[in-house]
Amino acid sequence: MLSPAKLNLFLAVTGRRADGYHDLVSVVAQVDWGDDLTVEPIGPGEKTTLVCDDPAVPGGDDNLVLRAAAAAGAGQGRRFRLAKRIPMGAGLGGGSSNAAAALKLLGAADATLAATLGSDCPLFLGPGPVVMRGRGERISPLPAAAAQRIAGRRVAILKPSFGISTPWAYRQMAAAAPESYLEPQAAEARLSEWLDDPFLPLERLLYNNMERAAFLKFPALPALLDRLRRLGVAAGMTGSGSACFALLPGPDPALESRVGALAKEAWGPATLCVFCALRA
């Protein structure tokens, strides 16, 4: 089963809550690229395990796939196999996507259950673009007309060799409050402007106020995005980073080659460059 990556096309963190979490408003779309997760039965009484081709992925009980299996009541008798492509520390939602895929494979794709595993997990239960609110647990599908402006759009996903810790990024936002946050009313107004005008392209939706902290510490990120924009493509960071993305007009091998070359020139040969499409 495909366990897809996600992109935050619009991300407005609006403030810190009393429980320590942050409130946000975000438009999130999955892509047709990611990890691959399968499951098979094993002997009765045997402990559920995870086999992964990436040794950097923790395989203990804290792994989100195994936590999802335990939450679904499948603590014994399963072996999951994970082919890992989504890098960690990227803002691409790999762990949450893996947990949601595990729930689906076990026939336990419940949004309430998924929310106990992580704020991003519920968005992966369905394929289409969604609006996330609250700390991310309040999910609503994007209106059909708006979703049509997203579905199938070609994107480049670019990640440098370093990652960014999500808790670190939120701490930076809290330390710079209130300037680091976007007021809830302003966030909803920005989103409504794009939703209500069918002639506004997807490029006009892009926004992420988590970029400021990441860009201050890692100036290589905005340096590449500026070069991509001069190339004529809209670009931004997803989630808390470090992965960024560029919106492409369509399949264009020459443009994709140029985007990939710019990324590797800016960030080095270890840069991940993936060309894929937003899912419907």
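Look up a bit, the structure's there.
Residues numbered from 1 in each chain as written. Predicted model: local features only at pLDDT ≥ 70, side-chain atom pairs only at ≥ 80, totals over all residues. Heavy atoms only, no water.

## Overview of the sheet that holds strand S10 (residues 244–247)
With antiparallel pairing, 4 strands are arranged side by side in an open sheet as S9-S10-S7-S11. A single partner strand is all that each edge strand has here, and the edge strands are strand S9 (235–237) and strand S11 (272–277). Pairwise comparison of adjacent strand axes, ignoring direction, gives a mean angle of 20° for this sheet. Note: strand S7 (residues 154–159) against S11, 6 bridges, orientation antiparallel. Note on S11: the bridge partner recorded for Ala156 is Phe275. Here helix H8 (residues 220–230) sits on the sheet in contact with S7, S9 and S10, set at roughly 160° to S9. (Pairing = 2+ DSSP bridges. Helix = DSSP H or I, 4+ residues; strand = E, 2+ residues; numbered from the N terminus. Axes fitted to C-alpha atoms, helices over the stretch in contact; angles between N-to-C directions. Contact = heavy atoms within 4.5 Å.)

## Structural notes on unusual backbone geometry
Geometrically, the link from Ala177 to Pro178 is a cis peptide bond, its omega value of 5° lying close to zero. With respect to the element layout, Pro178 can be found in the loop between helix H5 (166–175) and helix H6 (184–196). With omega at 10°, the peptide bond leading from Gly241 into Ser242 counts as cis. Among the structural elements, Ser242 can be located in the loop between S9 and S10.

## Brief notes about the pattern of salt bridges
For the structure shown, the criterion picks out 11 salt bridges. The shortest N-O distance in the salt bridge between Glu188 and Arg133 comes to 2.8 Å. A residue pair is termed long-range when its members are at least 10 positions apart, and Glu188 in helix H6 and Arg133 in strand S5 (residues 130–133) qualify at 55 residues. Its salt-bridge partner being Glu256, residue Arg154 comes within 2.8 Å of it at the nearest N-O pair. Placement of Arg154 in strand S7 and of Glu256 in helix H9 (residues 253–267) is noted, with a sequence separation of 102 residues between them. Through salt bridges with shared partners, a single ionic network connects Arg17, Asp19 and Asp23. (Salt bridge = Lys/Arg side-chain N within 4 Å of Asp/Glu carboxyl O.)

## Section: the side chain of Glu211
Along the chain, Glu211 falls in helix H7 (residues 211–217). If we skip the residues at most four places from it in the chain, Glu211 touches Gly236 and Met237.

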